[in-house]
Amino acid sequence: MSTRFRVPPRLQPLDRNLTAWMDRRGVLLLRVAVGVVFVWFGALKLIPEASPAAGLIVSTYPFLPAPLFVPFVGCWEIVIGLGFVTGRFLRVTVALMYLQMLGAMSPIVLNPAAVFAQPPFVLTLEGQYIIKNLVLLAAAIVIGARARR
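Just so it is clear, the model here is predicted, and its values are computed rather than measured.

### Brief notes about helix H4 (residues 90-105)
- For H4, which comprises 16 residues, the first-to-last C-alpha distance of 22 Å matches the rise-based estimate of 22 Å (1.5 Å per residue) to within 8%.
- Of the surrounding elements, those touching the buried residues of H4 are helix H1 (12-44), helix H3 (66-86), helix H5 (107-110), helix H7 (125-131) and helix H8 (133-145).

### Points about the packing of H1 against H8
- One way to put it is that H1 packs onto H8 with a least axis distance of 10 Å and a crossing angle of 135 degrees. Taken together, the axis directions place H1 and H8 in an arrangement best described as oblique. Once H1 is placed against H8, the crossing between them reads as left-handed. Every residue of H8 that contacts H1 at Val-27, Leu-30, Arg-31, Val-34 and Phe-38 is listed here: Leu-136, Ala-139, Val-142 and Ile-143.
- Per-class residue counts for the contact of H1 with H8 are 8 nonpolar, no polar and 1 charged.

### Structural notes on the packing of aromatic side chains
- With the rule as written, the count across this model stands at 6 aromatic pairs.
- Measuring from ring centre to ring centre gives 6.5 Å for Phe-38 and Phe-84, while their planes differ by 40 degrees; the resulting arrangement is tilted. With Phe-38 in helix H1 and Phe-84 in helix H3, this residue pair connects regions lying 46 residues apart in the sequence.
- In this structure Phe-84 comes out as buried when scored by relative accessible area, which is 0%.

### Comments concerning the packing of H4 against H8
- The contact between H4 and H8 brings their axes to 10 Å, and the two run at 160 degrees. With respect to H8, the element H4 is oriented roughly antiparallel. As for the relative orientation of H4 and H8, their crossing is left-handed in sense. For the pair H4 and H8, contact is made by Leu-90, Val-94, Met-97, Tyr-98, Met-101, Ala-104 and Met-105 and by Asn-133, Leu-134, Leu-136, Leu-137, Ala-140, Ile-141, Ile-143 and Gly-144, respectively.
- Looking at the contact of H4 with H8 residue by residue, the classes come out as 13 nonpolar, 2 polar and no charged.

### Focus: the side chain of Lys-45
- Of note, Lys-45 is situated in the loop between H1 and helix H2 (54-60).
- At a separation of 2.9 Å, a polar atom in the side chain of Lys-45 contacts the side chain of Glu-77.
- Sequence-distant contacts of Lys-45, that is, excluding residues within four places in its chain, are made with Ser-51, Ala-53, Ile-57, Val-70, Pro-71, Val-73, Gly-74, Glu-77 and Tyr-129.

### Remarks on H8
- The first and last C-alpha atoms of H8 sit 18 Å apart over 13 residues, in line with the 18 Å expected at 1.5 Å per residue.
- Every buried residue of H8 is accounted for by Asn-133, Leu-136, Ala-139, Ala-140 and Ile-143. In an axial view of H8, the angular spread of the buried residues amounts to 110 degrees, which keeps them on one side of the axis. Turned more than 90 degrees away from the buried face of H8, the exposed residues are Val-135, Ile-141 and Ala-145.
- The elements touched by buried residues of H8 are H1, H3, H4 and H7.

Conventions used here
- Residues numbered from 1 in each chain as written.
- Predicted model: local features only at pLDDT ≥ 70, side-chain atom pairs only at ≥ 80, totals over all residues.
- Heavy atoms only, no water.
- Helix = DSSP H or I, 4+ residues; strand = E, 2+ residues; numbered from the N terminus.
- Expected span 1.5 Å × (residues − 1).
- Contact = heavy atoms within 4.5 Å.
- Axes fitted to C-alpha atoms, helices over the stretch in contact; angles between N-to-C directions.
- Parallel < 35°, antiparallel > 145°, perpendicular 65-115°, else oblique.
- Left-handed = near helix turned anticlockwise from the far one by under 90°.
- Nonpolar A, V, L, I, M, F, W, Y, C, P; charged D, E, K, R; others polar.
- Phe/Tyr/Trp six-rings, centres within 6.5 Å; stacked < 30°, edge-to-face > 60°.
- Buried < 20%, exposed > 50% of the residue type's maximum accessible area, 1.4 Å probe, protein only.
- Polar contact = N/O pair within 3.5 Å; in protein donor to acceptor, adjacent residues only side chain to side chain.
- Arc of directions from axis to C-beta.

In structure tokens form, the structure reads like this:
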């Protein structure tokens, strides 16, 4: 049984125009939005005490020198963001993002106390910050699929 919405006939031209516009511009807007997020979050890691993720990084990787590692991650994220914003080297950008996401998602395994208030479903604020990366990963799949066009 289909519950598909039918657009009233008088609104069909508007619907066609809007969906055509979304088809033409959607991936561009998605790419720029993901890029802005990466540049912004990366830049915060370059400013001491500015990034809410810095503490999570330090607690997940206590064996790495935080004064070097946190800015390194920030620079990596800025490079990813600039790749998405400019649309240049998208395959490399997506690959760099997937590598970055391995680290960004690693607290789920390496530092679960920082991620879960009540495992396995109740997340801390840091856990929510990490889980939102699923949306960024899905966006990268859509963007990456269009990289050859």
